[in-house]
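# Architecture at a glance
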Amino acid sequence: MALLLRYRKIIWLIVSLLLLVGVLTYIQLPKRDIPEIEQEIANISVVYPGANPEIVERNVTNPIEEALSSIDGIEEVSSTSTTGFANITVMVEDGLSNTEMVYNSIQQTVSEESEQFSSDVRSINVNTDLIQSNVATYHFLADSIDELLDNRDHFDEIETQISEISGVEGIQIKGLPEQTLAVNIDPDALNENQLQPNVVIERLNEALSPIAIGTEVRDETIYQLSLSDASSIDDLEQMIIGQAQDDEPIRLVDVASIELDHEPSSDLIDYEGQAAISLTIQADTGTNIVALQESIDETVTPLFDELPESISVDQYFTQSTVIDEVYSNLIQSLIISLIAVFIVMLLGLTTSSAILVAIAIPLSIIFGLIPLPFFGVDLNQISVIGIIVAIGILVDDAIVVNDNIQRQFEKGMDAFEGTRKGVKEVSVSIVTSTLLIVFSFVPLTFLSGSNGDFIRGLPLALVFTVLASTFIALTFIPVIRYSQKRRMKKTRKQRAGWLNGILNKIADIYAESIIPFTLKKPVMTSIVGVIVSLALLSLALFVPFEFFPSADREEVTISVRLDEGTPIEQTQSEILDIEAFIQDEADHINETVTYTGDGLPNIFNSQMSRTGENTGQIVVRVDRDSYSATEFIDDWENEIRDAYSDAEVFLTTIVSGPPEGAEVEVSVQGPDLEELSRLADSLESDLDALDSSSVVIMNTDLSQPVIDYEIDDELLESEGIDREQVTSLMQLANVGAPLGTFDDGVDRFDLEVRYDDGDEDRLNLEELEVIGFPDGQGQMPSILSLDDLISAEESTQIASIPHIDGDRAITLEAYQSDDDADLAGDAEAVIDQFESELPSDYSLITTGSADAESEFFLEVGTLFLVVLFLIYMTLVVQFNSLTTPLLITATILLAVAGAFIGLFVSGEPLSFLAVLGIVALSGVVVRNSILLIEFIEQNKAIYDTQLEAFQEAGRARLRPIILTTLTSMAALIPIIITGDVLFRPLAVSIVYGILFATALTLWLLPAFYFILLKIRKSK
């Protein structure tokens, strides 16, 4: 300390530098609504047009899954094989240091395996960047979809311009189908010219496959040789594909038409009666969302102005708006907390001391921001709430140092000696108490999974802020007090705090009445205290549980699923009916929008699985001033289900945390599809019959309509027709044949050959004809309709074939009917009974949010034991004793009891953050016990009796204990009153935990310690 005071200008320089760096860090720190949650997941998607689920499973999914099984670092592989599509999700083991290497192995393995796939497989995509932060969603609106499609060039330009903005990761457009250059073969013209479809396809393939023929040297000049090819649609149309009987060339235009066509849309969007296209902008990891939105606004405003008058733009969602609202509330709470803490300090400290300590608060916050970027923490509501919690803790160190220095000055010491001794006397206790805080919160950073990623910013922000406050208390505060003293000619007696007299009277009552009473019958006091504490702990049985509460947002998402095979137009009609029903019947509705098909972009944590033409979503925005999203769900979920019983309807809203799954999730695994479907259907019925179950969702449909075609092979043989000729013609007529990409030098389009069978909705076998050569050579060719060669029969099949780790597995998700129900318990009995009756080779895998919550509490319990052990070992070192630290650590249970009192009285649930608040109390509440026992030990050498030692220790420490308790509470009470629903349980658990721990510690600790001293003395 002497060296520090001698070179105090260096301290000023360091503080100034840290202040500058802290401010710059604040400016540069990304600001967002909630933390970015990392999930090590890769997704593999394969398009296989026209193939049924079993063909996709056999020819695509199984080979890829088998190849992936040899890669180290993969935790789980799940997949879905559906008509024309395979989707495989790969979960990489958590905490791997070589994640990128695993991703590279996945990409390489899929690439090698795809070389063996059928030529009909059109696209294979491996995506390892699945976690996107959606910045904004815009709706482009017009009276009809055709008006929007006619302005595709505008949307392409908008997409291009936005993509070039720094910080934009990607853009997702819904409702704007891709364009295809379609070659539509006319069967009559083809027959008239005696050509087969394969001739057209082969000629087009030749035209689209450039051939490099090298260079040539002429007259000492090197010429690049090239063959002219089709570079425009006109060139394609004039391409010669054969020769007529009159030796005239047959051109493509003679047998086919070429047109730029839109593929069938996978999304139909309706916004307030208008057709819509949505554009969602996704940000890079770590991007400052607010700054990015400003750049987006600057870019899109002139682009939107260039759109035709018939097209309007609606900014449907922006994350920056949510961030502004969240930060406005948090900053308001932060300011109120600062004012409340300052007022509390004025009650017990001199005005100058209160001001000096108050200066330490913003300095600690700014300094604490500096390390955050190095730990991947940005400014979000989780990290900011950590700073608010720290406010009530960090003032303790500054108060203790300032008061102890002032006490030395009042004894007559000069500036140098008084400052040096004042800091020296308390430095060990301050460092110890800081370590206790660190040990209480740092273990929370080791929580695994998405919950750990979500909460990690809170303990880190708090710990760094508290460490900064300790640095300020041991350096900046002494330098200020030293400089002040040197400028003062004499020590002036300063006006004590506003409630100094009252606090002194309370201290006298505590020392003269309460302590003698507890020490008179310490055993009885201890027994009564233990009974009271246990009784208070029992209130935990009556506290409601809610892992993450619903956020106070206006959006409700209604997910709708109709029967498999429902066309997208019919699905949209049904969804619009549901929307009209809500608009007519429900009050407090601001607006609605419908997304039919693949559903919403991921802007409200509400993406659907197994989307298709039979699915869709409705977003309802309620008037938050008079209604809540939760109330809407409670009031209308059953009403909508009853009114539209043919549809599977599910209502959700945004939760204040990572997205939650179903309460119960169970997968039935087995080899045979028919038996597996039967078992899954039976278990679904059992779970759905439970009163505690509101809806049970299966991850496949067991009755997808299908038409089974059977080719008469004997007739083919007798007519001399090749089977592939028939199947190729069916494929060409129904799904077309992809021929790669056509590039005219400006645009690139997928080129596809189609065979016009005269019916857009179905495969028209009557119009499809093949040429046969019956009985071999010498016979006249015959023309047969495919209707003569093929029979058709309607049936049903499983809509998709799900896998878990390579095995077929159908998953059921059961959702709880209401908060009071116990679906997990009820379902456990049903599942156990069902599992006992399973045939051999079939098994169950049970997961769900209930299991995830159990794992969380087990993990938190383990961390709590680690916290207790670290606190205990720190106290053992400080007191050089095993029993005294045990007694101090036991007071943590008093805080736990207080936390449950608060949750019970306030009606707040035992949530994720409430549990973390209880764990965090550990390092906060023991500080009072440490101070009290330290002073008792010091007084034993001064006073004649133990009673006097206890009394004077209580008299001396009651005032600072009350002040530190009040400051800790004052920082969090604004959160209880005006804070977000996510943080109220945290604030309640800490405030009531500190309050009751302080009261019970002051009552019981003297009796406990008195008994301990007697036991030691008797030995």
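Scoring rules and cut-offs
Residues numbered from 1 in each chain as written. Predicted model: local features only at pLDDT ≥ 70, side-chain atom pairs only at ≥ 80, totals over all residues. Heavy atoms only, no water. Helix = DSSP H or I, 4+ residues; strand = E, 2+ residues; numbered from the N terminus. Contact = heavy atoms within 4.5 Å. Lys, Arg positive; Asp, Glu negative; His and termini not counted. Charge placed at Lys NZ, Arg CZ, Asp CG, Glu CD. UniProt positions renumbered as here; feature names shortened; annotations may be inferred. Domains from an automatic or database assignment. Buried area = accessible area lost by both parts, 1.4 Å probe. Salt bridge = Lys/Arg side-chain N within 4 Å of Asp/Glu carboxyl O. Polar contact = N/O pair within 3.5 Å; in protein donor to acceptor, adjacent residues only side chain to side chain. Nonpolar A, V, L, I, M, F, W, Y, C, P; charged D, E, K, R; others polar. Buried < 20%, exposed > 50% of the residue type's maximum accessible area, 1.4 Å probe, protein only. Pairing = 2+ DSSP bridges. Expected span 1.5 Å × (residues − 1). Axes fitted to C-alpha atoms, helices over the stretch in contact; angles between N-to-C directions. Parallel < 35°, antiparallel > 145°, perpendicular 65-115°, else oblique. Left-handed = near helix turned anticlockwise from the far one by under 90°. Phe/Tyr/Trp six-rings, centres within 6.5 Å; stacked < 30°, edge-to-face > 60°. Lys NZ or Arg CZ within 6 Å of the ring centre and 35° of its normal. Arc of directions from axis to C-beta. Patch = residues over 30% accessible without salt bridge, like charges linked within 9 Å, V, L, I, M, F, W, Y side chains within 5 Å. Areas by Shrake-Rupley, 256 points an atom, 1.4 Å probe, with all protein chains shown as cover.

- As recorded by an unreviewed UniProt entry, the protein carries the name Multidrug efflux pump subunit AcrB and is attributed to Pelagirhabdus alkalitolerans.

### Section: the overall build of the protein
- Looking only at helices and strands, the protein has 32 helices and 30 strands in total.
- When the backbone C-alpha atoms are referred to their principal axes, the protein occupies close to 130 × 80 × 55 Å.
- Taking the intrachain contacts of the protein between residues at least 6 apart in sequence as the baseline, contacts between residues at least 24 apart amount to 79%.
- A distance of 34 Å separates the average location of the 52 positive side-chain charges in the protein from that of its 162 negative side-chain charges.

### Some remarks on the UniProt feature "domain: SSD" (unreviewed entry) in the protein
- Per the UniProt record, "domain: SSD" (unreviewed entry) is found at residues 328-477.
- Within residues 328-477, the helical portion is 83% and the strand portion 0%, while the C-alpha atoms at the span's ends are 31 Å from each other.

### Examining the domain arrangement of the protein
- Domain parsing of the protein yields domain 1 (38-130), domain 2 (187-254 + 705-797), domain 3 (349-497) and domain 4 (506-549 + 848-1018).
- Averaged C-alpha coordinates put domain 3 and domain 4 at centres separated by 22 Å.
- Between domain 3 and domain 4, the contact holds 29 residues from the first and 37 residues from the second.
- A buried area of about 2900 Å², summed over both sides, lies between domain 3 and domain 4, and 74% of it is on carbon and sulfur atoms.
- On inspection of domain 3 and its partner domain 4, the count reaches 0 salt bridges.
- Our count for the contact surface shared by domain 3 and domain 4 stands at 0 residue pairs in polar contact (both at pLDDT 80 or more).
- Among the elements of the structure, α14 (381-410), α15 (415-441) and α16 (449-455) are those that each provide at least two residues to the side of domain 3 that touches domain 4.
- Broken down by element, the residue count for the side of domain 3 that touches domain 4 peaks at 11 residues, all from α14.
- Of the residues that constitute the side of domain 3 that touches domain 4, the class distribution is 19 nonpolar, 8 polar and 2 charged.

### Structural notes on the pattern of salt bridges
- Within the structure shown, the criterion is met by 22 salt bridges.
- Across the salt bridge formed by Glu591 and Arg621, the nearest N and O atoms sit 2.6 Å from each other. Highlighted residues: Glu591 in strand β17 (residues 589-597) and Arg621 in strand β18 (residues 615-622), separated in sequence by 30 residues.
- Exposure remark for Arg621: the relative accessible area of 9% places this residue in the buried category.
- Two residues, Arg955 and Glu952, come together in a salt bridge whose shortest N-O distance is 3.1 Å. Placement of the pair is Arg955 and Glu952 together in helix α31 (residues 946-978), with a separation of 3 residues, close to one helical turn.
- Residue classification places Arg955 among the partly exposed positions, given a relative accessible area of 23%.

### Structural notes on the pairing of strand β21 (residues 693-698)
- In terms of burial, β21 is largely enclosed, as 5 of its 6 residues are buried.
- Across 5 bridges, the pairing between β21 and strand β29 (residues 807-816) is antiparallel. Paired with Val696 across the strands is Ala814, a residue of β29.

### Quick notes on helix α19 (residues 522-537)
- If you check α19, its first and last C-alpha atoms are 22 Å apart, about what 16 residues at 1.5 Å a residue would give, namely 22 Å.
- Of the surrounding secondary structure, the elements contacted by the buried residues of α19 are α18 (500-520), α29 (892-906) and α32 (984-1018).

### A short note on the packing of α14 against α31
- Where α14 contacts α31, the two axes come as close as 7 Å, and the packing angle between them is 160°. Here α14 lies roughly antiparallel to α31, going by the angle between them. Along this stretch, α14 crosses α31, giving a crossing that reads as right-handed. Where α14 approaches α31, its residues Ile385, Ile388, Val389, Ile391, Gly392, Ile393, Val395 and Asp396 are matched on the opposing element by Thr964, Thr967, Ser968, Ala971, Leu972 and Ile975.
- Of the residues belonging to the contact of α14 with α31, the class tally is 9 nonpolar, 4 polar and 1 charged.

### Considerations on the sheet that holds strand β7 (residues 179-185)
- One open sheet accounts for 4 strands, arranged β12-β7-β24-β23; its pairing is mixed. Edge positions in the open sheet fall to β12 (256-262) and β23 (737-743), since each of these has one partner strand only. When strand polarity is set aside, the average angle formed by the axes of neighbouring strands in this sheet is 30°.
- Across 6 bridges, β7 lies against strand β24 (residues 748-755) in parallel orientation. Residue pairing across strands places Asn184 opposite Arg754, the latter belonging to β24.

### Notes on the packing of aromatic side chains
- Scanning the model with the defined rule gives 14 aromatic pairs in all.
- Geometrically, the ring pair formed by Phe140 and Phe304 is edge-to-face, given 5.6 Å between the ring centres and 80° between the ring planes. Pair noted here: Phe140 is in strand β5 (residues 133-142) and Phe304 is in helix α11 (residues 289-305), with a separation of 164 residues, a long-range link. Across the pair, exposure class does not vary: Phe140 and Phe304 are buried alike.
- Judged by centre distance (6.1 Å) and plane angle (80°), the ring pair of Tyr271 and Tyr316 falls under edge-to-face. Linking Tyr271 in strand β13 (residues 267-271) with Tyr316 in strand β15 (residues 312-318), this pair joins segments that are 45 residues apart in sequence.
- A connected cluster of aromatic rings, assembled from ring pairs, spans Tyr138, Phe140, Phe155 and Phe304.
- Looking at Lys31, its charged tip hangs above the ring of Tyr26, at a distance of 4.7 Å from the centre.

### With respect to the environment of Leu204
- For Leu204, the location among the structural elements is in helix α8 (residues 197-208).
- Overall, the relative accessible area of 0% leaves Leu204 in the buried class.
- Remark: the alpha-carbon pair of Leu204 and Phe548, spanning 344 residues in sequence, is separated by 58 Å.

### A few points about helix α26 (residues 823-836)
- If you check α26, its first and last C-alpha atoms are 20 Å apart, about what 14 residues at 1.5 Å a residue would give, namely 20 Å.
- Among all positions in α26, only Leu823, Ala827, Val830, Ile831 and Phe834 are buried. Summarising the axial view, the buried residues of α26 lie within an arc of 100°, below the 170-degree limit, and thus occupy one face. Every exposed residue of α26 that faces more than 90 degrees away from the buried side is listed here: Ala829 and Ser836.
- Among the structural elements, β20 (664-669), α22 (673-688), β21, β29 and β30 (843-847) are those in contact with the buried residues of α26.

### A few points about the side chain of Glu637
- You can see Glu637 is positioned in helix α21 (residues 629-643).
- Exposure remark for Glu637: the relative accessible area of 14% places this residue in the buried category.
- Within polar-contact distance, the side chain of Glu637 engages the side chain of Arg641 at 2.9 Å.
- Those residues in contact with Glu637 that lie beyond four places of it in its chain are Phe632, Phe650 and Leu651.

### Thoughts on the environment of Thr301
- Topologically, Thr301 is positioned in helix α11.
- The exposure class assigned to Thr301 is partly exposed, which follows from its relative accessible area of 43%.
- One polar contact links the side chain of Thr301 to the main-chain carbonyl oxygen of Asp297, over a distance of 2.6 Å.

### Some details on unusual backbone geometry
- The phi angle at Gln194 is positive, at roughly 55°, despite the residue not being glycine.
- Tracing the chain through its elements places Gln194 in the loop between α7 (187-192) and α8.
- A residue is classified by how much of its surface remains accessible, and Gln194, at 62% relative accessible area, is exposed.
- A positive phi angle, near 65°, is found at His588, a position not held by glycine.

### A few points about a nonpolar patch on the surface
- A cluster of nonpolar residues, Leu17, Leu19, Leu20, Val21, Val23, Leu24, Tyr26 and Ile27, forms a patch on the protein surface that exposes about 680 Å² of accessible area.
- Within the secondary structure, Leu17 sits in helix α2 (residues 8-28).

### Quick word on the environment of Pro774
- With respect to the helices and strands, Pro774 occurs in the loop between β25 (769-772) and β26 (782-785).
- As a C-alpha pair, Pro774 and Asp297 span 477 residues in sequence and 70 Å in three-dimensional space.

### A look at the side chain of Ser533
- By the secondary structure assignment, Ser533 is in helix α19.
- Ser533 sits in the buried class, given a relative accessible area of 8%.
- If near-sequence neighbours (up to four positions away) are discounted, Ser533 is found in contact with Leu894, Ala897, Leu1000 and Leu1004.

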